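Examination of the molecular architecture
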Amino acid sequence: QNSYEIKIMDAARRPVGKTFSITTEFDPKNFQVQDFVYTSTGNAVLVGRIYAYEEGKKKKDKNLVFQNYNIRLYDLQGKMIKEIVTDIDGKYLVRGKVKQLKNELVLAAFYSNEKKKREINGMLVQRIDPTTGNVLVSTKMDLNTSLISQVEDDDADKSSKKKDDDEDQGLAANLIFRNFYTTPDNGLVL
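Residues numbered from 1 in each chain as written. Predicted model: local features only at pLDDT ≥ 70, side-chain atom pairs only at ≥ 80, totals over all residues. Heavy atoms only, no water.

**Considering the pairing of strand β3 (residues 31-38)**
Where β3 meets strand β4 (residues 44-55), seven bridges bridge the pair, whose relative direction is antiparallel. By the bridge assignment for β4, F31 is matched with I50. A loop of five residues connects β3 with β4, the two strands running antiparallel in sequence, and G42 in this loop sits at a positive phi of about 95°. (Pairing = 2+ DSSP bridges. Helix = DSSP H or I, 4+ residues; strand = E, 2+ residues; numbered from the N terminus.)

Written out as structure tokens, the structure reads:
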């Protein structure tokens, strides 16, 4: 079991309220806390990454490989309110981030079509009610290199340039989310 003790502090780093603890059933070798979000409604969100061992190139080798996210909403007594499902059938989550914006939580995650996760083929965005843990809106969008316009250098030799056949391939798997913003019409900028 993994146990986490949560202490809430004010800006002067003085304890506010009671300390509470959260316990999960995951093996500490296969579970990693990515983020902890304290919501405006008084609940706590634990964002964890679940890993599994897979065979390496040699039969004796075992590699720890990221499988999926585990996002759970807890009350201030440490009782789990809800586990938020982030799976997409036939897709593999690569990276993600959870952030509170106004009165909702936003989960944004990149996914890959391949298990090796060398490229990003799409993005999942979920808006979540921080009180109940219910998913308000879930949107999935495919991403590929055709969405990116190329900028040509004036000094480059244009005669040697060829158009790639891989234009519809996924994006490099090293993209990360930095920040989220809401727009005046309640949209999101990621």
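Read on for the rest.
**Here we look at the sheet that holds strand β8 (residues 104-112)**
The strand order across the open sheet built from four strands is β7-β8-β10-β11, with neighbouring strands paired in antiparallel fashion. Each edge of the sheet is formed by a strand with only one pairing partner; in this case those strands are β7 (92-101) and β11 (135-142). Shown here is a sheet whose adjacent strand axes are inclined to one another by a mean of 15°, direction ignored. Bridge count for β8 against strand β10 (residues 122-128) is seven bridges, and the pairing is antiparallel. Bridge pairing in β10 links Y111 to G122. (Axes fitted to C-alpha atoms, helices over the stretch in contact; angles between N-to-C directions.)

**Some remarks on the sheet that holds strand β5 (residues 62-74)**
The strand order across the open sheet built from four strands is β3-β4-β5-β6, with neighbouring strands paired in antiparallel fashion. Taken across any chain shown, the strands that pair with only one partner, and hence form the sheet edges, are β3 and β6 (80-84). Neighbouring strand axes in the sheet, compared pairwise and without regard to direction, differ in orientation by 25° on average. Two strands pair when backbone bridges link them, and β5 and β6 are joined in this way by four bridges, in the antiparallel orientation. Within β6, the position partnered with Y74 by the bridge is M80.

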